[in-house]
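If you want the building blocks of each chain, they are given just below.
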Amino acid sequence: MNEDNIPEFPLQTEIAIIGAGAAGLMAAITAARLGARVHVFDGAKKVGAKIIVSGGSRCNVTNVAVAPARFHGEGAPAFVSRILRAYSPDLTRKFFEEIGVPLKLEETGKYFPVSDSSRQVLGALLHTMHRAGAVLCSETDVSALEPDPETDGWKLETSRGPVFARTVILATGGLALPKSGSNGRGHNFARALGHTIISTTPALTPLLTNDVHYPLVSGITMPVRLRLHAGNDARSSKKIVTYEGSFLFTHRGFSGPVALNISRHFAHHRPTSANATIFLSLLPDVADGEEARWWHEFVGKSAKKTVFNALGTLFSTKLTNVIMARAGLIGSLPLGRLSKTQNEALKRELFYAPMDVFDVAPYDKAETTAGGIALAEIEPATMQSRLHKGLFFAGEVCDVDGELGGFNFQWAWSSGVVAGRAATHLSR
Ligand SMILES: Cc1cc2nc3c(=O)[nH]c(=O)nc-3n(C[C@H](O)[C@H](O)[C@H](O)COP(=O)(O)OP(=O)(O)OC[C@H]3O[C@@H](n4cnc5c(N)ncnc54)[C@H](O)[C@@H]3O)c2cc1C
C-alpha cells in the first residue's frame, strides 16, 4: 500500500468494481461482507459526487411507492421487479438505519436521511465499505476491460497499471452530470464486449421551449397535467403518457417533477414521431373527458365577467395575461360573448395547450440517463452478462431509468446488491 492506502499495481483481486457511485459502493459492501476480496476503481479524486449533489444535497434515498411501473427502459418493469424482490426498499431502509443513517418519510413519499445530509449518506457508505474490507482506488481511471484467457478471468487497464480479477462489476453510471466522471465509457466497454446499447438520451431533465409567452411567467409553480401525444393534434393522435403534479415555468422552458418525468418519453419518441407534442392542462382537477362540461358550467357562472376577470378567479394576473395572449384574446371581452373559435382557443389553452417543446436539456442538466446496456442481455437473477461469464452490471449504466423521487437510487442500491452477491458466489 502507498501513502493513500492505494495498493501496488499490477494488482490481483477477486472482484474488480469499476465505479464508486451508489451502485458500485453497494456492490462493494455486499461482496466484501460476504468475504470476497474486493477492489473498487474510480477515476474521480473525490468519489460519490452524485450522492453529494442529490436531492438538493439531502439525498432522496428511496420512495414509499417504489413499484416496477415507475421504471423505464426496454423490458424494465419486469426486470426491475425481479431485482426489487431480491433487495427491497424495506431492506434498503433497514440497511441505512444499520449503518447509522436513519431515514424519514416526507409528505411527497420521498425518504431522506433524518440529518438532511447527503454527505452523511456518502460518509456512512464509504465507512461501511472500508470496514467490510473492500479497497477503494480513487483517481484510478479504467481505460480498457477484456476477458483474460490466461486466468479465465478479466483484465483491466487502469491509469495506475493493470488489474487481474476473477469477476468484474461494471457500475460506471450513464451520461448524466458528466463532470462527475460518468461520461458513457461504461457503455463503450460493454459495446466492445458485444453488448447492445439501447440509444441514450438525458432523462429527468428540463424541457426547452420555443414559445414566447410561457417564459414570461418563469418562476411560477403550480399543479398541472402533462400529456405526451405522438402527433400535434390532441384529439386524433395517440396518447403516450400522462403525468400529473407540480410544474415550474422557467426562462427557457419547463421544469418541476412532471416536466422532468415526461422528458425521457419526449426524447425517446421524438426521433420516430417528429410531431410528438406535450400538451399542458392548467386545471388538472378537471378529469379527462370532463373538460366540456366544466367549461360550460364555468361560462354559465361567469358569462358577464370579462375574460380577464373570469380567468383571474383561477390564475395569477401574469398567467392570465399569458393565457389570453396565447389564445389571441382581448381580456376585456365578456366571457359569455366569445365566438365559437374564441371559446375553442381558450379551452385549448386551459386543457390541451401545445407547449412547443423543441428539445430536452442536455446531460449536464439531467439527473439520469434513459437507455444503456440492453436488459435482454443481462440475467436478472444475478445481473450477470448473458454474453460473458464473470461480467456483472449495476446502476445507471443499464437501460433502466426511474422516475423522480428516489427511484434511481433504489435501482442503484438493489442492482448493486444483486451484482455483489452473485459476483461473490462466482468468485469462490
Ligand atoms: C443533480 C442530481 C440529483 C439527483 N438526485 C437524486 C435523488 O435525490 N434521488 C435519486 O434516487 N436519484 C437522484 N439522482 C440520480 C442518481 O444520482 C443516479 O441515478 C445514481 O447516482 C447512479 O448511480 P451509479 O452508481 O449507477 O452511477 P454514478 O453515480 O454515475 O457513479 C459512476 C461512477 O463511475 C465512475 N466511472 C465512470 N467511468 C469510469 C472509468 N472508466 N474508470 C473509473 N471510474 C469510472 C465515475 O467517476 C462515477 O464515480 C440525481 C442525479 C443528479 C445528477
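Heads up: the structure comes first, above all this text.
Quantities reported herein were computed from a predicted structural model and do not represent experimental measurements.

1. Digging into the sheet that holds strand 6 (residues 110-113)
No. 1: If you trace the 3 strands from one edge of the open sheet to the other, you get 3-6-5, paired in antiparallel fashion. The open sheet has two edge strands with one neighbour each: strand 3 (62-63) and strand 5 (103-105).
No. 2: As judged from the 2 bridges shared by strand 3 and strand 6, these two strands associate in the antiparallel manner. Across the sheet, Thr62 pairs through a bridge with Tyr111, a residue of strand 6.

2. As for the pattern of salt bridges
No. 1: Evaluation of the coordinates by the stated rule reveals 23 salt bridges.
No. 2: Across the salt bridge formed by Arg58 and Asp116, the nearest N and O atoms sit 2.8 Å from each other. With Arg58 in the loop between helix 2 (49-57) and strand 3 and Asp116 in the loop between strand 6 and helix 5 (118-132), the pair connects residues that are 58 residues apart, well separated along the chain.
No. 3: By relative accessible area, Arg58 is classed as partly exposed at 23%.
No. 4: As a salt-bridge pair, Asp359 and Arg270 come within 3.3 Å of each other at their nearest N and O atoms. Here Asp359 is found in strand 18 (residues 357-360), whereas its partner Arg270 is found in the loop between helix 7 (257-269) and strand 16 (277-281), with 89 residues between them in sequence.
No. 5: Here Asp359 falls in the partly exposed class, since its relative accessible area comes to 28%.
No. 6: Through salt bridges that share partners, Arg58, Lys104, Glu106 and Asp116 make up one connected network.

3. Describing the sheet that holds strand 13 (residues 221-229)
Backbone-to-backbone hydrogen bonds join strands into a sheet, with any given pair of strands oriented parallel or antiparallel.
No. 1: Read from one edge to the other, the open sheet built from 7 strands follows the order 17-16-13-14-15-12-18, with strand pairing classed as antiparallel. Edge strands, defined here as strands with exactly one partner in the open sheet, are strand 17 (353-354) and strand 18.
No. 2: Note: strand 12 (residues 207-209) against strand 18, 3 bridges, orientation antiparallel. Following the sheet pairing, Thr209 is matched in strand 18 by Val357.
No. 3: The sheet contacts of helix 11 (residues 340-351) involve strand 13, strand 16 and strand 17, and relative to strand 16 the element is tilted by about 95°.

What counts and how
Residues numbered from 1 in each chain as written. Predicted model: local features only at pLDDT ≥ 70, side-chain atom pairs only at ≥ 80, totals over all residues. Heavy atoms only, no water. Pairing = 2+ DSSP bridges. Helix = DSSP H or I, 4+ residues; strand = E, 2+ residues; numbered from the N terminus. Salt bridge = Lys/Arg side-chain N within 4 Å of Asp/Glu carboxyl O. Buried < 20%, exposed > 50% of the residue type's maximum accessible area, 1.4 Å probe, protein only. Contact = heavy atoms within 4.5 Å. Axes fitted to C-alpha atoms, helices over the stretch in contact; angles between N-to-C directions.

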